[in-house]
Amino acid sequence: MQEHPEIYDFVIIGSGFGGGVAAMRLSEKGYKVLVLERGKRLAEQDLPRSAWDVRRYLWIPGLRCFGILQMSLSRGFFVYHSSGVGGGSLVYAAVLMEPKEDFFDAESWRRFGNWRELLRPHYQTARKMLGVTPNPRLWAADLALQAVAQEGGHGDTFRATEVGIYFGEPGKEAPDPFFDGKGPPRVGCIQCAACIVGCRYDAKNTLDKNYLYFAERLGARVQPEALATGIYPLPEGSPGAARYEVRYRSSTAWLDKAERRVRARNVVISAGVLGTMQLLLRCRDELHSLPQLSPRLGEMVRTNSEAFLGAFTREKGARHSEGLSITSVFHADEKTQVEPVRFPDGSSLLFILLSSPLIRGGGSFLGRAWRTLVAIIRHPAQFIDAKLTPGLSNRGLALLIMQTEDNQMRLRLGRNPFALFRRGLVAEQDPERRVPVNIAVGHGVIRALAEKIRGYPAGTITEGLLNVPMTAHILGGCPFGEDAGQGVVAPDGQVHNYPGLYVVDGSIVPANPGVNPSLTITALAEYVMSRIPAKNGG
């Protein structure tokens, strides 16, 4: 390690919706900022051409794959999350929605203020920065889903999604349309459904085109391929008034595992829920560098109570790979939201890897395996079609089912049987508020949709055979509290017992929003940053 590490006002760990906001707002306020990001910095031409371009699509460092999507299977959860400069914005479907009133009235944070009013201006700022606009076009799959909604008596809830996409002239570059010409040039969306594989066409409003773009122009330094490994408080009176030392190493080098260090007066942890939990739990329980972290660290982790299901049409010439990744939404009941999800042409990898016969969940593993086998024997052509027939991304359509029903689990460090018993995060379900694995209303919707598109429904291996909940929206783990006995952070995002240490990402979302959470994470980050004064009182 270098003898004289550089000192920053703020070191930010992670460059997603929390870290991106923090980088820009702190730089605006005159602070010297360093952002550490474990993933790579990828230009549009470096993004995967399809999901089959696994070295650019998947993040599996042990196999020398340094892409933008990581799939983490552990005891108790299966999570899609991201890696790369821009964090979750690289792989999200660009859906930006506000939750219902119940979210703001949740018991976990209502005693700290009127959050609907506190966050209102920050939602407005987030919408402007992320370029929120209605999706202007619906496709055949949307019309089929609308018919399902109407037949179920919920047609009035069907609408186009609000998204962060530039809908200029398709494929044509134009001067910055969002920030009075001060941002980067953009290209009109070509409706290729590649939002969740990586937009190669400069149309999706990823964070490198807004928050991070301006942060770097204001002087912030972004260091990619840097995995934070520990945070250490420094003695009072350390040079430069530094309060913390952050240690990190290369996340991509084969042989260079040397630990580097940087010092900061303040640290913002924005590594996403799994990254943040892994780092903080390691600092408390293994390194003992932050021993006074709250005993509630890792509690109140939740998902959007979601499920992923699929349907495959038998119609020749179907083109369900056209459009945005997510174009419409409806409410199947008062607590259930349904969205269609597309993959671009030639990106059938996840369909093939994860699709499975749609079965009744629950029971023992042997029981689920038997039901799966029976379903394959009864419908062998469907199973073969979903695994071997070319053009699956054109014929396939996924549904994302999300509910406002609250659920909870606790994350801790333990041995993960799905990672050869290496030590990592494992989940303990709350027996009274378990994360759902099979959502009955979702099964009903996917069967009805399959009929509309003249096809057949499908489930997933994780939810059907393994009985493990799947999510792209893991939240929580750092609950609010008045002190360390009640929670990990105060309402200003600052960690109890560690002044100048902040958590600003999905870990501080205190309840289940029931909708895609990116806009809410951004608004919360804006709120936390608004509480930090400008440098030197400027």
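Residues numbered from 1 in each chain as written. Predicted model: local features only at pLDDT ≥ 70, side-chain atom pairs only at ≥ 80, totals over all residues. Heavy atoms only, no water.

Novice: Teacher, can you tell me more about the overall build of the protein here?
Specialist: Across its full length, the protein holds 14 helices and 25 strands. At 23 Å, the protein has a C-alpha radius of gyration in line with the 24 Å of a compact globule built from 538 residues. If you line up the protein on its principal axes, its C-alpha atoms span 70 × 55 × 50 Å. Among the 538 residues that make up the protein, the fraction classed as buried is 61%. Of all intrachain contacts in the protein linking residues separated by at least 6 positions in sequence, the fraction that spans at least 24 positions is 72%. (Helix = DSSP H or I, 4+ residues; strand = E, 2+ residues; numbered from the N terminus. Rg over C-alpha atoms; globule rule 2.2 N^0.38 Å. Buried < 20%, exposed > 50% of the residue type's maximum accessible area, 1.4 Å probe, protein only. Contact = heavy atoms within 4.5 Å.)

Novice: Hey, could you run me through unusual backbone geometry in this one?
Specialist: Of note, the phi angle at Asp180 is positive, near 55 degrees, even though the residue is not glycine. Mapped onto the elements, Asp180 comes out in the loop between β10 (173-174) and β11 (186-187). In this structure Asp180 comes out as exposed when scored by relative accessible area, which is 75%. Even without being glycine, Ala193 reaches a positive phi, approximately 65 degrees. Residue position: Ala193 is located in the loop between β11 and α6 (211-217).

Novice: Any chance you could explain the pattern of salt bridges here in plain terms?
Specialist: A side chain of one charge can pair with a side chain of the opposite charge when the charged atoms of the two come close. Counted by the stated rule, this structure contains 32 salt bridges. For Arg247, the salt bridge identified is with Glu245, shortest N-O distance 2.9 Å. Assigned by exposure class, Arg247 and Glu245 land together as buried. We note a salt bridge from Arg284 to Asp285, for which the minimum N-O separation is 2.7 Å. A relative accessible area of 14% means that Arg284 is categorised as buried. Judged by its relative accessible area of 35%, Asp285 is partly exposed. Here the residues in one salt-bridge network are Glu44, Asp202, Asp208 and Lys209, joined through shared partners. (Salt bridge = Lys/Arg side-chain N within 4 Å of Asp/Glu carboxyl O.)

Novice: In this structure, what is going on with the sheet that holds strand β5 (residues 69-74)? I would like to understand it.
Specialist: Within a sheet, neighbouring strands are paired by backbone hydrogen bonds and run either parallel or antiparallel to one another. Judged by pairing direction, the sheet is mixed, and its 3 strands sit side by side in the order β5-β6-β24 without closing on themselves. In this open sheet, the two strands that pair with only one neighbour each are β5 and β24 (470-471). (Pairing = 2+ DSSP bridges.)

Novice: Just checking my understanding: could you explain the nonpolar core for this structure?
Specialist: The tendency in soluble globular proteins is for nonpolar side chains to be buried as a group. In terms of nonpolar packing, the biggest core is built from 136 residues, with Leu26 and Ile231 touching the most fellow members. With 8 residues, helix α14 (residues 518-530) is the single largest residue contributor to this core. Apart from the residues within four sequence positions on either side, Leu26 is in contact with Phe10, Ile12, Tyr31, Val33, Val268, Met529 and Ile532. In this structure, Val148, Leu309, Leu358 and Leu399 belong to the second largest nonpolar core, which totals 22 residues. (Core = buried A, V, L, I, M, F, W, Y, C linked by side-chain atoms within 4.5 Å.)

Novice: Please clarify how the pairing of β5 should be interpreted in this entry.
Specialist: Side chains on a regular strand alternate between the two faces of the sheet. Pairing of β5 with strand β6 (residues 77-82), which is carried by 6 bridges, proceeds in the antiparallel orientation. Along β6, the bridge assignment pairs Leu73 with Phe78. Hairpin connection, β5 to β6: the antiparallel pair is bridged by 2 residues, and Gly76 has positive phi, about 110 degrees.

Novice: How should I be thinking about the packing of helix α4 (residues 115-130) against α14 in this particular structure?
Specialist: Between two packed helices, both the angle of their axes relative to each other and the distance between the axes serve to describe the pair. Running from N to C, α4 and α14 point in directions that differ by 110 degrees, and their axes come no closer than 8 Å. Overall, the two elements α4 and α14 adopt an arrangement that is roughly perpendicular. Between α4 and α14, the residues in contact are Trp115, Leu118, Leu119, His122, Tyr123, Thr125, Ala126, Arg127, Met129 and Leu130 and Leu519, Thr520, Thr522, Ala523, Leu524, Glu526, Tyr527 and Ser530, respectively. Class assignment of the residues belonging to the contact of α4 with α14 gives a composition of 11 nonpolar, 5 polar and 2 charged. (Axes fitted to C-alpha atoms, helices over the stretch in contact; angles between N-to-C directions. Parallel < 35°, antiparallel > 145°, perpendicular 65-115°, else oblique. Nonpolar A, V, L, I, M, F, W, Y, C, P; charged D, E, K, R; others polar.)

Novice: Would you explain the packing of aromatic side chains in this entry?
Specialist: Each aromatic ring pair is characterised by the separation of its centres together with the angle its planes make. The full count for this structure, using the stated rule, is 22 aromatic pairs. Pairing Tyr80 with Phe308 gives two aromatic rings, centres 5.7 Å apart and planes at 70 degrees, and the pair type is edge-to-face. Here Phe308 lies in strand β16 (residues 307-313) and Tyr80 lies in strand β6, a separation of 228 residues in the sequence. The exposure class assigned to Phe308 is buried, which follows from its relative accessible area of 15%. Here the aromatic residues Phe103, Phe104, Trp109, Phe112, Trp115, Tyr123, Phe480 and Tyr527 are joined through ring pairs into a cluster of three or more. Across from the ring centre of Tyr213, 3.6 Å away, lies the NZ or CZ of Arg217, which sits over that ring. One residue, Arg247, lies across the ring of Tyr232, its end atom 4.1 Å from the ring centre. (Phe/Tyr/Trp six-rings, centres within 6.5 Å; stacked < 30°, edge-to-face > 60°. Lys NZ or Arg CZ within 6 Å of the ring centre and 35° of its normal.)

Novice: I would appreciate a short explanation of the sheet that holds strand β20 (residues 396-403) in the present structure.
Specialist: Strand order in the open sheet formed by 7 strands is β8-β17-β18-β20-β16-β23-β19, and the pairing between neighbours is antiparallel. Every interior strand has two partners, whereas the edge strands, β8 (159-160) and β19 (355-356), have only one.

Novice: What should I look at first to understand helix α12 (residues 440-452) in this one?
Specialist: Each turn of an α-helix holds 3.6 residues, which means side chains three or four residues apart point in the same direction. In a regular helix each residue adds 1.5 Å, so 13 residues correspond to 18 Å; α12 covers 19 Å between its end C-alpha atoms and thus fits that length. Of the surrounding elements, those touching the buried residues of α12 are α5 (140-151), β16, β17 (328-333), β18 (336-341), β20 and β23 (455-460). Just downstream of α12, Arg454 is the residue with a positive phi angle, here 55 degrees. (Expected span 1.5 Å × (residues − 1).)

Novice: It is not clear to me how the pairing of β18 should be interpreted in this structure. Could you clarify?
Specialist: Here β18 lies mainly inside the structure; 6 of its 6 residues are buried. In β18, alternate side chains face the same way, and those of Thr336, Val338 and Pro340 on one face and Gln337, Glu339 and Val341 on the other are all buried. Strand direction decides the pairing type here: β17 and β18, joined by 3 bridges, are antiparallel. The residue of β18 that forms the bridge with Phe330 is Val338. In this antiparallel pair of consecutive strands, β17 and β18, the connection spans 2 residues. For β18 and β20, the ladder comprises 6 bridges, and the chain directions are antiparallel. Across the sheet, the residue bridging to Glu339 is Leu400, located in β20.

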